[in-house]
Amino acid sequence: AQSVTQLGSHVSVSEGALVLLRCNYSSSVPPYLFWYVQYPNQGLQLLLKYTTGATLVKGINGFEAEFKKSETSFHLTKPSAHMSDAAEYFCAVREEEYGNKLVFGAGTILRVKS
Amino acid sequence: DTGVSQNPRHKITKRGQNVTFRCDPISEHNRLYWYRQTLGQGPEFLTYFQNEAQLEKSRLLSDRFSAERPKGSFSTLEIQRTEQGDSAMYLCASSLGVTDTVVGELFFGEGSRLTVL
């Protein structure tokens, strides 16, 4: 079965600094990979996804992620953090069984300091 | 608003009581998922429907849990004889499934937070 590991349960950056949230996955088949963001007391919102094709994927709010098969990674980056980026971020992999079921990592809380 | 709607948003109950949550998916979506999220964890899959058929249930879904989607539209998740360990956020998501392997993005509701005293 697929699994997802997010390194660092909390990440703190200064406003304007680079954001890097790490995600590694395990999958026996080519994965579909996702990043979701969750603001307090809200549901999950899709930031970006990788299915096939270009390995550098751009998402909303200036975020992007690169699929690296050799490293089984799908790290999320943003060149310049904004205060509004403070939230919890989840990496997910689609289960190989049918149904588009997602397996999520434990999440990384991003704090942005002014 | 045409997104996924969940209610109630918050439920506080005493141990041993039954609770029911409702999810209204995006109208044209034929797939509906329930997830549970506890503090410090990512969402964990509970069950999934395609139209009215419940196709998969997680081992997390004990016999105290039951989910239905009677007409392939809204869904309910009932927890009987609640325990303190059931305290969590229950998330619903829906998607449009074209085929078994071609599916659309999952859209999540805002969740129903359960507190069992």
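(A) Representation of the overall build of chain B. Along chain B, the regular secondary structure elements total zero helices and 11 strands. The N-to-C order of helical and strand elements in chain B reads β-β-β-β-β-β-β-β-β-β-β. On C-alpha atoms alone, chain B measures out to a radius of gyration of 14 Å, which is about the 13 Å that the 2.2 N^0.38 rule sets for 117 residues. Summarising its shape, the C-alpha atoms of chain B cover approximately 40 × 30 × 30 Å along the three principal directions. The proportion of buried residues among the 117 residues of chain B is 47%. In chain B, the proportion of contacts linking residues at least 24 apart, taken out of those at least 6 apart, comes to 54%. Counting every atom, chain B has about 5,900 Å² of accessible surface; 46% of that belongs to carbon and sulfur. Counting 14 positive and 14 negative side-chain charges, chain B places the centres of these two groups 8 Å from one another.

(B) Expanded view of the interface of chain B and chain A. Contact residues are listed per partner, giving 25 residues for chain B and 18 residues for chain A. Summed over the three residues of chain B that lose the most area to chain A, namely B:Pro43, B:Glu105 and B:Phe108, the buried surface amounts to 23% of that side. The interface formed by chain B and chain A contains one salt bridge. A salt bridge links A:Lys101 to B:Glu56, with the shortest nitrogen-to-oxygen separation between them at 2.6 Å. The interface formed by chain B and chain A contains four residue pairs in polar contact (both at pLDDT 80 or more). At the level of secondary structure, the elements contributing two or more residues to the side of chain B that touches chain A comprise β4 (31-37), β5 (44-50), β6 (53-57) and β9 (88-95) of chain B. Of all the elements, β4(B) adds the most residues to the side of chain B that touches chain A, at four residues. Of the residues that constitute the side of chain B that touches chain A, the class distribution is 10 nonpolar, eight polar and seven charged.

(C) The sheet that holds strand β8 (residues 73-78) of chain A, seen in detail. All names here are of chain A. Overall, antiparallel pairing links the five strands, which are arranged β1-β3-β8-β7-β6 in an open sheet. Two strands lie at the open edges of the sheet, namely β1 (3-7) and β6 (56-58), each paired on one side alone. Direction aside, neighbouring strands of the sheet carry axes that sit 20 degrees apart on average. The pairing of strand β7 (residues 64-68) with β8 spans five bridges and is antiparallel. Bridge pairing links Glu-64 to Thr-77 in β8.

(D) Looking closely at the nonpolar core. Ranked by size, the top nonpolar core spans 27 residues in total, and within it A:Trp35, A:Leu48, A:Phe74, A:Leu76 and A:Tyr89 carry the most contacts. Among the elements of the structure, β2 (10-14), β3 (19-26), β4 (33-38), β5 (44-50), β7, β8, β9 (87-94) and β11 (108-113) of chain A are those that each provide at least two residues to this core. Dropping the residues within four chain positions of it, A:Phe74 is found in contact with A:Cys23, A:Leu33, A:Phe34, A:Trp35, A:Leu48, A:Lys49, A:Tyr50, A:Ala65, A:Glu66, A:Phe67 and A:Cys91. Counting residues in each nonpolar core, the second largest holds 19 residues, with B:Cys23, B:Ile26, B:Leu61 and B:Ala88 among its members.

(E) The pattern of salt bridges, seen in detail. All names here are of chain B. Taken as a whole and assessed by the stated rule, the structure comprises seven salt bridges over all chains. A salt bridge links Arg-22 to Asp-24, with the shortest nitrogen-to-oxygen separation between them at 2.8 Å. Using a relative accessible area of 31% as the deciding quantity, one classes Arg-22 as partly exposed. Since its relative accessible area comes to 23%, Asp-24 is described here as partly exposed. Arg-64 is paired through a salt bridge with Asp-86; the nearest N and O atoms lie 2.8 Å apart. Residue Arg-64 is found in the loop between β6 and β7 (65-68), and its partner Asp-86 is found in the loop between β8 (75-79) and β9; the two are separated by 22 residues along the sequence. A relative accessible area of 9% places Arg-64 in the buried class. Overlapping salt bridges, with partners in common, bring together Arg-64, Glu-83 and Asp-86 in one network.

Cut-offs and rules
- Residues numbered from 1 in each chain as written.
- Chains lettered and ligands numbered in written order.
- Predicted model: local features only at pLDDT ≥ 70, side-chain atom pairs only at ≥ 80, totals over all residues.
- Heavy atoms only, no water.
- Helix = DSSP H or I, 4+ residues; strand = E, 2+ residues; numbered from the N terminus.
- Rg over C-alpha atoms; globule rule 2.2 N^0.38 Å.
- Buried < 20%, exposed > 50% of the residue type's maximum accessible area, 1.4 Å probe, protein only.
- Contact = heavy atoms within 4.5 Å.
- Areas by Shrake-Rupley, 256 points an atom, 1.4 Å probe, with all protein chains shown as cover.
- Lys, Arg positive; Asp, Glu negative; His and termini not counted.
- Charge placed at Lys NZ, Arg CZ, Asp CG, Glu CD.
- Buried area = accessible area lost by both parts, 1.4 Å probe.
- Salt bridge = Lys/Arg side-chain N within 4 Å of Asp/Glu carboxyl O.
- Polar contact = N/O pair within 3.5 Å; in protein donor to acceptor, adjacent residues only side chain to side chain.
- Nonpolar A, V, L, I, M, F, W, Y, C, P; charged D, E, K, R; others polar.
- Pairing = 2+ DSSP bridges.
- Axes fitted to C-alpha atoms, helices over the stretch in contact; angles between N-to-C directions.
- Core = buried A, V, L, I, M, F, W, Y, C linked by side-chain atoms within 4.5 Å.

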